[in-house]
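Chains, contacts and geometry: an overview
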Amino acid sequence: MSYFVQNLRRFAGELMEDPVGGPARISAALKVKWKTGLEETFGSSGMGRRLAARYRGRGVVLMFHEIHEDVEGNLRMGCSPDQLRTVLSALRAEGRDVITPDEAMKRLADPQAGDFAIMTFDDGYRDNRTLALPILEEFGAPMTMFVPTGMVTREAYAWWLGLRALFLSSDEVEIEAMERRLTLADAPSRNAALRQVGLWIGTDRARADALKPTFARHSISIPALIDEVAMDEREIRSFAAHPLVTIGGHTTSHTFLSRLDDAAAYRDIADNKRYLENLLDRPVRHFAYPYGTEGACGKREAEYVRAAGFETGFTTRSGHLFPAHLSTPCLMPREDAGFAHMSGSQLENRLSGARRALVTQFGDPVAGLR
Ligand SMILES: [Zn+2]
């Protein structure tokens, strides 16, 4: 078994945590295949499940973004309604109750309380109401939507929407800032290009900004794109009135908080809370970090989230919720379950806790600063 673990650690280390632009000999696309292969093997092996048992926590927080009927036509930037339904069915089969973040904090403190899941949706997309909510209603499952002010006001620099529009509008695009000309002949090449530019941006706001001249040259208006897909003030207010819906904070600008100076980072968090509370006329107690990776947020940001008055803060670090998180409630992990075409094994790894075992090479089951 130790040979198996050693090799798994090595592969997990090389493939799961490989930084952007890692070994040049492995193309990004190949890496994705290998990572997926590792997850498939791990999830389907009884040994993998046993090794990962200590990574299973009391709660799991699942993250979604857009929900699309036409996943391919939207360059896989969201998942299908069927995938959402599959996730909810799997949670039900596991005996995990879907609950609100408020209820989750109570359950974490109560050793007798049952296992749970929290369904979270980032960025304030309109399809969360039209496509996700009816499915959540079927299951009686509450949802939390984390809303950046700038998506509601159309002022956020939603570069990812700009890239999608750009790659859907042309067969060939020159990204001046990357000094790259991308050929976008078919759906796979568009998806690959989107991923490539996303990885290139990483957590570098300057690189995201460097795309602006390209957008301008192609007459791409980010506010108009946000207007197409995100809820406005009136829609957020009516959505928030639904008994299954909790609204949480997600900063004003939806930028990489780690790249802002102290005052600006605090302001980006606190102003968003004030904005949403004024809009909804109720307290907003929960928060999710834009991007949520180690590079995007850490201890400083968690302190600001707490100082601004939020009770919880969710990252995108892999892992489940344990009672230990009651001492670091502003740095709690989430698992992405909203990417396109999640396989059965990938879902299983997220619900069993096994994914964190893979990502951390069998490190600490409790995700905190790392
Ligand atoms: Zn976001």
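Keep in mind it's a predicted model, so treat the numbers as computed, not measured.

1. So, the overall build of the protein chain
Within the protein chain, the regular secondary structure consists of 17 helices and 12 strands. Within the protein chain, the fraction of its 370 residues that count as buried is 54%. Counting only carbon and sulfur atoms, one obtains 52% of the accessible surface of the protein chain, whose full area is about 15,600 Å².

2. So, the confidence of the model for the protein chain
Summing up the model confidence of the protein chain, the mean pLDDT is 89 and the portion of residues at 70 or higher is 88%. Contacts of residues 1–29 to residues separated by more than four positions or lying in other chains number 38 contacts, the stretch itself having pLDDT below 50.

3. A few points about the coordination of the zinc ion
Protein-derived coordination of the zinc ion comes from Asp-123 (OD), His-250 (NE2) and His-254 (NE2), at a distance range of 2.1 Å. On the primary sequence, the residues serving as donors to the zinc ion are separated as D-x126-H-x3-H. In this pair, Asp-123 is assigned in the loop between strand 5 (116–122) and helix 6 (127–139) and His-254 in the loop between strand 9 (245–249) and helix 14 (262–280), connecting sequence segments 131 residues apart. For Asp-123, a relative accessible area of 2% puts it in the buried group. Residue class for His-254 comes out buried when judged on its relative accessible area of 7%.

4. Let's talk about the nonpolar core
Core analysis: the biggest nonpolar cluster contains 54 residues, and Phe-64, Met-119, Phe-121 and Ile-247 have the highest contact counts within it. A total of seven residues in this core trace back to one element, the largest contributor, which is helix 14. Contacts of Phe-121, omitting those with residues within four sequence positions, involve Phe-64, His-65, Ile-67, Leu-84, Asn-128, Ala-132, Leu-136, Met-143, Thr-144, Met-145 and Phe-146. With 34 residues, the next largest nonpolar core counts Met-77, Tyr-157, Leu-163 and Leu-166 among its residues.

5. Some points on the packing of aromatic side chains
Aromatic ring pairs are defined here through the distance separating the ring centres and the angle between the ring planes. Following the criterion strictly, the structure yields eight aromatic pairs and no others. Pairing Tyr-55 with Phe-362 gives two aromatic rings, centres 6.3 Å apart and planes at 75°, and the pair type is edge-to-face. Note that Tyr-55 is positioned in the loop between helix 3 (46–51) and strand 1 (59–64) and Phe-362 in the segment after helix 17 (354–359), a separation of 307 residues in sequence. Each member of the pair, Tyr-55 together with Phe-362, is buried. Through pairs of rings, three or more aromatic residues link up here, namely Phe-287, Tyr-289 and Phe-310.

6. A few points about the pairing of strand 6 (residues 143–147)
With respect to burial, strand 6 is a largely interior element, five of its five residues being buried. Looking at chain direction, strand 5 and strand 6 are connected through four bridges and run parallel. Bridge pairing in strand 6 places Thr-120 opposite Thr-144. Viewed along the sheet, the connection from strand 5 through helix 6 into strand 6 turns out right-handed. The sheet contact formed by strand 6 and strand 9 spans five bridges and is parallel. Bridge pairing links Phe-146 to Gly-248 in strand 9.

7. Observations regarding the environment of Arg-181
When you line up the elements, Arg-181 lands in strand 8 (residues 180–183). In this structure, Arg-181 is in contact with Glu-172, Val-173 and Glu-174, ignoring residues within four places of it in sequence. In terms of polar contacts, Arg-181 uses its side chain to reach the side chain of Glu-174, at 3.1 Å.

8. Structural notes on the pattern of salt bridges
Applying the stated criterion to the full structure yields 29 salt bridges. Between Arg-96 and Glu-94 there is a salt bridge, with the nearest N and O atoms lying 3.4 Å from each other. The exposure class assigned to Arg-96 is buried, which follows from its relative accessible area of 3%. Residue class for Glu-94 comes out partly exposed when judged on its relative accessible area of 32%. The closest approach of N and O atoms between Arg-181 and Glu-172, which form a salt bridge, is 2.9 Å. Glu-172 gets classed as partly exposed once you look at its relative accessible area, which sits at 42%. Put simply, Arg-56, Arg-58, Glu-94, Arg-96 and Asp-115 are held in one network by salt bridges that share partners.

9. Quick word on the packing of helix 14 against helix 15 (residues 299–307)
In the contact formed by helix 14 and helix 15, the axes pass within 9 Å of each other and the chain directions differ by 45°. Between helix 14 and helix 15, the interaxial angle falls into the category oblique. Where helix 14 crosses over helix 15, the two elements pack in a sense that is right-handed. Contacts between helix 14 and helix 15 involve Asp-262, Ala-265, Tyr-266 and Ile-269 on the former and, on the latter, Arg-300, Glu-301, Tyr-304, Val-305 and Ala-307. Partitioning the contact of helix 14 with helix 15 into residue classes produces six nonpolar, no polar and three charged.

10. Topic: the side chain of Thr-144
Along the chain, Thr-144 falls in strand 6. For Thr-144, a relative accessible area of 2% gives the class buried. Setting aside residues up to four positions removed in sequence, Thr-144 forms contacts with Pro-101, Ile-118, Met-119, Thr-120, Phe-121, Thr-246 and Gly-248.

Parameters and conventions
- Residues numbered from 1 in each chain as written.
- Predicted model: local features only at pLDDT ≥ 70, side-chain atom pairs only at ≥ 80, totals over all residues.
- Heavy atoms only, no water.
- Helix = DSSP H or I, 4+ residues; strand = E, 2+ residues; numbered from the N terminus.
- Buried < 20%, exposed > 50% of the residue type's maximum accessible area, 1.4 Å probe, protein only.
- Areas by Shrake-Rupley, 256 points an atom, 1.4 Å probe, with all protein chains shown as cover.
- pLDDT = per-residue confidence, 0-100.
- Contact = heavy atoms within 4.5 Å.
- Donors = N, O, S within 2.8 Å, 3.2 Å for Na, K, Ca; no water.
- Core = buried A, V, L, I, M, F, W, Y, C linked by side-chain atoms within 4.5 Å.
- Phe/Tyr/Trp six-rings, centres within 6.5 Å; stacked < 30°, edge-to-face > 60°.
- Pairing = 2+ DSSP bridges.
- Right-handed = clockwise from strand over helix to strand, strands pointing away.
- Polar contact = N/O pair within 3.5 Å; in protein donor to acceptor, adjacent residues only side chain to side chain.
- Salt bridge = Lys/Arg side-chain N within 4 Å of Asp/Glu carboxyl O.
- Axes fitted to C-alpha atoms, helices over the stretch in contact; angles between N-to-C directions.
- Parallel < 35°, antiparallel > 145°, perpendicular 65-115°, else oblique.
- Left-handed = near helix turned anticlockwise from the far one by under 90°.
- Nonpolar A, V, L, I, M, F, W, Y, C, P; charged D, E, K, R; others polar.

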